[in-house]
Amino acid sequence: TRKNVVDRIVKSGKGTMAQHEHRAELIARMETNRLYNGLHQGGMEEAAAELDEPGRDDPLIRQLDEYFDQRNSPFSRAANGIVAALTQPFRVPVAEVKRWEAQMKRKSGVTKQTLIVGAYYEVPNLPAHFGERARIVPYRASWDGGAALAKMTPIQRKGIPEWSG
């Protein structure tokens, strides 16, 4: 488990991480998240290649699913439920992240891989911020009547076909 990895690093008494349990925990959590979501992403791409015929108006895409508790970052609150085509980055509105920063009275802590392009953070894959615990899940508009798509701006919907639902 992640806890076992952290314990082995910290209890070794060797190296920088031995004195910084919190940092070791943060790195272990982020790398576990990166592996988990990378495997999920690969599985979704394989499933889409097998199940989605060309031109389908309801293709398999991906959605950010965040955990909600006191450890969340403002970025997590803004990103929850956002959808993106399998090969497109998630686009999280900067203004929404800033709104959550003000409400939660803390910074978002986004990583260097999270770029600001125009009015959006572009997130190619997770983790998007320090302490990330979100997961990428499969999504089809037909599963919720297109509710998640309806919330998206045209820029966020790039690469996603119009759903006729």
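Structure: above.
Described in the following lines is the structure provided in the data block. (Residues numbered from 1 in each chain as written. Predicted model: local features only at pLDDT ≥ 70, side-chain atom pairs only at ≥ 80, totals over all residues. Heavy atoms only, no water.)

### Considering the overall build of the protein chain
What the protein chain contains, in helices and strands, is six helices and six strands. Starting at the N terminus and ending at the C terminus, the protein chain contains elements arranged as α-α-β-α-β-β-α-β-β-β-α-α. When its C-alpha atoms are laid out on the principal axes, the protein chain stretches across 60 × 40 × 25 Å. Buried positions account for 44% of the 165 residues belonging to the protein chain. Partitioning the contacts of the protein chain with sequence separation of at least 6, the portion at a separation of at least 24 is 60%. (Helix = DSSP H or I, 4+ residues; strand = E, 2+ residues; numbered from the N terminus. Buried < 20%, exposed > 50% of the residue type's maximum accessible area, 1.4 Å probe, protein only. Contact = heavy atoms within 4.5 Å.)

### Some points on helix α2 (residues 21–51)
In this model, α2 (31 residues) spans 44 Å end to end at C-alpha, consistent with the 45 Å of a helix rising 1.5 Å per residue. Considered for burial, the residues of α2 that qualify are Ala24, Glu25, Leu26, Ala28, Arg29, Met30, Asn33, Asn37, Gln41, Met44 and Ala48. (Expected span 1.5 Å × (residues − 1).)

### Details of helix α4 (residues 94–104)
Within the span of α4, buried status applies to Val94, Val97, Trp100 and Glu101. Buried residues of α4, viewed axially, fall in a sector of 125°; they line one side. For α4, the exposed residues lying more than 90 degrees away from the buried face are Ala95 and Ala102. Taken together, the buried residues of α4 touch α3 (74–79), β3 (90–93), β4 (115–117) and β5 (120–123). Following α4 by one or two positions, Lys105 has its phi on the positive side, about 60°. (Arc of directions from axis to C-beta.)

### Focus: the sheet that holds strand β1 (residues 61–65)
Strand order in this open sheet of three strands is β2-β1-β6, and the pairing throughout is antiparallel. Looking at the sheet topology across the chains shown, the edges are occupied by β2 (83–84) and β6 (135–139). With five bridges connecting them, β1 and β6 associate as antiparallel partners. Bridging across to β6, Asp65 finds its partner in Arg135. Lying over the sheet, α2 contacts β1 and β6, oriented at roughly 15° with respect to β6. (Pairing = 2+ DSSP bridges. Axes fitted to C-alpha atoms, helices over the stretch in contact; angles between N-to-C directions.)

### Observations regarding the layout of surface pockets
Where empty space is left in the structure can be found by rolling a water-sized probe over the atoms. As a volume, the largest pocket reaches approximately 200 Å³. Looking at the largest pocket, it is lined by 14 residues, and the ones nearest its centre are Leu26, Arg29, Arg71, Phe130 and Gly131. For the lining of the largest pocket, the residue count by class is two nonpolar, seven polar and five charged. (1 Å grid on protein atoms, 1.4 Å probe; cavity = no way out; pocket = protein on both sides within 12 Å on 5 of 7 lines; lining within 4 Å. Points joined across faces, edges and corners; volume = space filled by probe spheres on them. Nonpolar A, V, L, I, M, F, W, Y, C, P; charged D, E, K, R; others polar.)

### Concerning the packing of aromatic side chains
Within this structure, the stated rule accounts for one aromatic pair. When the centroid spacing of 5.6 Å and the interplanar angle of 75° are considered together, the rings of Phe75 and Tyr121 count as edge-to-face. Linking Phe75 in helix α3 with Tyr121 in strand β5, this pair joins segments that are 46 residues apart in sequence. Here the two residues Phe75 and Tyr121 agree in accessibility, since each one is buried. (Phe/Tyr/Trp six-rings, centres within 6.5 Å; stacked < 30°, edge-to-face > 60°.)

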